[in-house]
Amino acid sequence: MADGVKPRVKVPSKAAAGEAITIKTLISHPMESGQRKDSSGNVIPRSIINRLTCEFNGESVIDITMEPAISTNPYFEFEATVPEAGEFKFTWYDDDGSVYEDSKKIEIG
């Protein structure tokens, strides 16, 4: 895992069956585009989170491809319908091959 990379996810702990909930994700990452140069004039290599996926009980909820123009510490907010109790699994994919994961359970109530 790269230094300082930290995923954070906010999911309600409970929802009604069939309810649409708001999910918020943020990952701390410098997101270097590969376009800038360091103080010596050398190109700083591209290093971005290039994909975010979210699954609920193994079913795809969202699959986002990110490009170099995305900002540092990418934040995404989206809605998902909760058909039953279960677990959301979030996966971020880094250019360097690192994979960052987080998961959140949700109850029906």
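Basis of the calculations
- Residues numbered from 1 in each chain as written.
- Predicted model: local features only at pLDDT ≥ 70, side-chain atom pairs only at ≥ 80, totals over all residues.
- Heavy atoms only, no water.
- Pairing = 2+ DSSP bridges.
- Helix = DSSP H or I, 4+ residues; strand = E, 2+ residues; numbered from the N terminus.
- Salt bridge = Lys/Arg side-chain N within 4 Å of Asp/Glu carboxyl O.
- Buried < 20%, exposed > 50% of the residue type's maximum accessible area, 1.4 Å probe, protein only.
- Axes fitted to C-alpha atoms, helices over the stretch in contact; angles between N-to-C directions.
- Core = buried A, V, L, I, M, F, W, Y, C linked by side-chain atoms within 4.5 Å.
- Contact = heavy atoms within 4.5 Å.
- Phe/Tyr/Trp six-rings, centres within 6.5 Å; stacked < 30°, edge-to-face > 60°.

K.L.:
Quick rundown of the pairing of strand β3 (residues 19–28)? Include the residues and the values.
P.N.:
Examined bridge by bridge, strand β1 (residues 6–10) and β3 share 5 bridges and lie antiparallel to one another. Within the sheet, the bridge partner assigned to Pro7 lies in β3 and is Ile27. Summarising the sheet, β3 and strand β6 (residues 75–82) pair through 8 bridges and their orientation is antiparallel. Note that in β6 the partner of Lys24 across the bridge is Glu77.

K.L.:
Residues and numbers for the pattern of salt bridges, please.
P.N.:
This structure, assessed with the given rule, holds 5 salt bridges. Arg46 is the salt-bridge partner of Asp95, the closest N and O atoms lying 2.6 Å from each other. Here Asp95, found in the loop between β7 (86–94) and β8 (99–108), pairs with Arg46, found in the loop between β3 and β4 (49–56); they are 49 residues apart in sequence, far enough to count as distant. On the basis of relative accessible area, Arg46 is assigned to the partly exposed category, the value being 38%. Taking the shortest distance from any N to any O, the salt bridge between Lys89 and Glu101 comes out at 3.6 Å. Of the two residues, Lys89 is situated in strand β7 and Glu101 in strand β8; the sequence distance between them amounts to 12 residues. You can call Lys89 partly exposed: its relative accessible area is 35%.

K.L.:
If you had to explain the sheet that holds β7 to someone new, which residues and values would you point to?
P.N.:
Strand order in the open sheet formed by 5 strands is β2-β8-β7-β4-β5, with mixed pairing between adjacent strands. In this open sheet, the two strands that pair with only one neighbour each are β2 (14–15) and β5 (59–65). Judged from the 2 bridges that link them, β2 and β8 form a sheet pairing that is parallel. Looking across to β8, one finds that Ala15 is bridged to Ile108.

K.L.:
I'd like a description of the sheet that holds β6, backed by residues and values.
P.N.:
Here 3 strands make up an open sheet; going across it, the order is β1-β3-β6 and the pairing antiparallel. In this open sheet, the two edge strands, each paired with only one partner strand, are β1 and β6. If you compare each strand with its neighbour and ignore which way they point, the axes differ by 20° on average.

K.L.:
Could you give me a rundown of the nonpolar core, with the residues and numbers involved?
P.N.:
Membership of the largest hydrophobic core comes to 24 residues, with the highest contact counts inside it found for Val11, Ile21, Ile23, Phe88, Phe90, Trp92 and Ile106. Of all the secondary-structure elements, those providing two or more residues to this core are β3, β4, β6, β7 and β8. With near-sequence residues (within four places) excluded, Ile106 lies in contact with Val11, Pro12, Ser13, Lys14, Ala15, Ile21, Phe56, Val82, Ala85, Gly86 and Phe88.

K.L.:
So what about the packing of aromatic side chains? Which residues, and what values?
P.N.:
This model, assessed by the stated rule, comprises 3 aromatic pairs. Taking 4.6 Å as the distance between ring centres and 45° as the angle between the ring planes, the aromatic pair formed by Phe56 and Phe88 counts as tilted. Of this pair, Phe56 sits in strand β4 while Phe88 sits in strand β7, and the two are 32 residues apart along the sequence. Each member of the pair, Phe56 together with Phe88, is buried. Aromatic pair Phe88 and Phe90: ring centres 6.3 Å apart, planes at 25°, arrangement stacked. Each member of the aromatic cluster is reached from another via a ring pair, and the members are Phe56, Phe88, Phe90 and Trp92.

Remember, this is a structural readout, not a statement about activity or role.
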